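Read off the chains here:
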Amino acid sequence: MNASSNNIFLIGLMGAGKSTVGKLLAKKLGRRFLDADHVIEERCGVKIPVIFDMEGEAGFRKREAQAIEEITSEKEIVLATGGGAVLLSENRQALSQRGTVIYLHANPLELFHRTRGGEGRPLLKQGDAKKILENLYSIRDPLYREIADHVIETGKPSVNQLVNTLIMQLELST
C-alpha cells in the first residue's frame, strides 16, 4: 500500500460494485468514502447524464480529471472512481501514485445484468448495452490491470465477504 496517503481507490466498469463496496469498506476501516461521480454532480449541480448531454463525454472527462486530481490528494479516504476514469493517463498516474488501487472485476455479461435499465449511465443509452459493455471492457480492462495493486472478482461473494477479503489482502500487503 502506498504509505504516504493510505488511500484506497476502487476502479472497475459500471456495475462492478465500486460504490457499494467502497461505502462498506470505508465504514469498516473508519475512513471517509467519496464517489467521484457524486463529487462531480455536487460541483456542477446536475446529474452526470446532464453533463454528458451538455458537454459530451470529453467535457465530462475533463471535469472528472479535475476531481480526481483534487480527491486523490486527500488522505485516509476510500474513493470509488467512475468506470472511465482510467482512460486518461493523468488519472491513472494520480491513482497509482497516491494510494492502493483495487480493481473490482466482473465480466461484461454479469455487468449487463447488473446495469439493466441503464439509469444514470449515459454510455449505455447509445445502442445495444450488452455490446457497449463488451467494448468498454475490451478497452478498459487492460488499463485497470495496468494500475491495479489487487484484482478482486466480484461475481459470487456477498458484499460483506468481498469487503472482508479486501481488508485481508490490504493487511497482507502492508
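The structure reproduced in this document is the subject of the present report. What you are looking at is a predicted structure, and each value in this text was computed from that prediction instead of being measured.

Focus: the side chain of Glu-41
Right, so step 1: Its place among the elements puts Glu-41 in helix α2 (residues 36–44).
Right, so step 2: Excluding residues that lie within four positions of it along the chain, Glu-41 makes contacts with Val-46, Lys-47 and Ile-48.

Thoughts on the packing of aromatic side chains
Right, so step 1: Throughout the structure, instances matching the rule amount to 2 aromatic pairs.
Right, so step 2: Geometrically, the ring pair formed by Phe-52 and Phe-60 is tilted, given 5.0 Å between the ring centres and 35° between the ring planes.
Right, so step 3: For Phe-60, a relative accessible area of 3% gives the class buried.
Right, so step 4: With centroids separated by 4.8 Å and ring planes inclined at 40°, the aromatic side chains of Tyr-103 and Tyr-144 adopt a geometry described as tilted. Here Tyr-144 lies in helix α6 (residues 129–147) and Tyr-103 lies in strand β4 (residues 100–105), a separation of 41 residues in the sequence.
Right, so step 5: Of note, Lys-130 hangs over the ring of Phe-112, and the distance from its end group to the ring centre comes to 5.9 Å.

Examining the pattern of salt bridges
Right, so step 1: Throughout the structure, instances matching the rule amount to 11 salt bridges.
Right, so step 2: Across the pair Glu-74 and Arg-32 runs a salt bridge, and its minimum N-O distance is 1.9 Å. Of this pair, Glu-74 sits in the loop between α3 (48–71) and β3 (77–80) while Arg-32 sits in strand β2 (residues 32–35), and the two are 42 residues apart along the sequence.
Right, so step 3: For Arg-32, a relative accessible area of 43% gives the class partly exposed.
Right, so step 4: Between Asp-141 and Arg-145 there is a salt bridge, with its nearest N and O atoms 3.0 Å apart. Pair noted here: Asp-141 and Arg-145 are both in helix α6, with a separation of 4 residues, about one helical turn.

About the cut-offs
- All chains use their own residue numbering, which begins from 1 and follows the written sequence.
- Only residues with pLDDT of at least 70 are given local features in this predicted model, and only at 80 or more are side-chain atom pairs given and counted; all residues enter the totals for whole chains, interfaces and linings.
- Excluding hydrogens and water, the side-chain values take into account all heavy atoms of the structure.
- Only DSSP runs of H or I with at least four residues qualify as helices, and only runs of E with at least two residues qualify as strands; both kinds are numbered from the N terminus onward.
- By the convention used here, residues are in contact when the closest approach between their heavy atoms is within 4.5 Å.
- Aromatic rings from Phe, Tyr and Trp, taking only the six-membered ring of Trp, are treated as a pair when their centres fall within 6.5 Å; an angle between ring planes under 30 degrees marks them as stacked, one over 60 as edge-to-face, and anything in between as tilted.
- Remark: exposure states derive from per-residue accessible area (1.4 Å probe, protein chains only) relative to the maximum for the residue type, with buried under 20%, exposed over 50%, and partly exposed in between.
- Put simply, a charge is over a ring when the Lys NZ or the Arg CZ is close to the ring centre, within 6 Å, and near the line of the ring normal, within 35 degrees.
- Salt bridge, as used here: a side-chain nitrogen of Lys or Arg that lies within 4 Å of a carboxyl oxygen of Asp or Glu.

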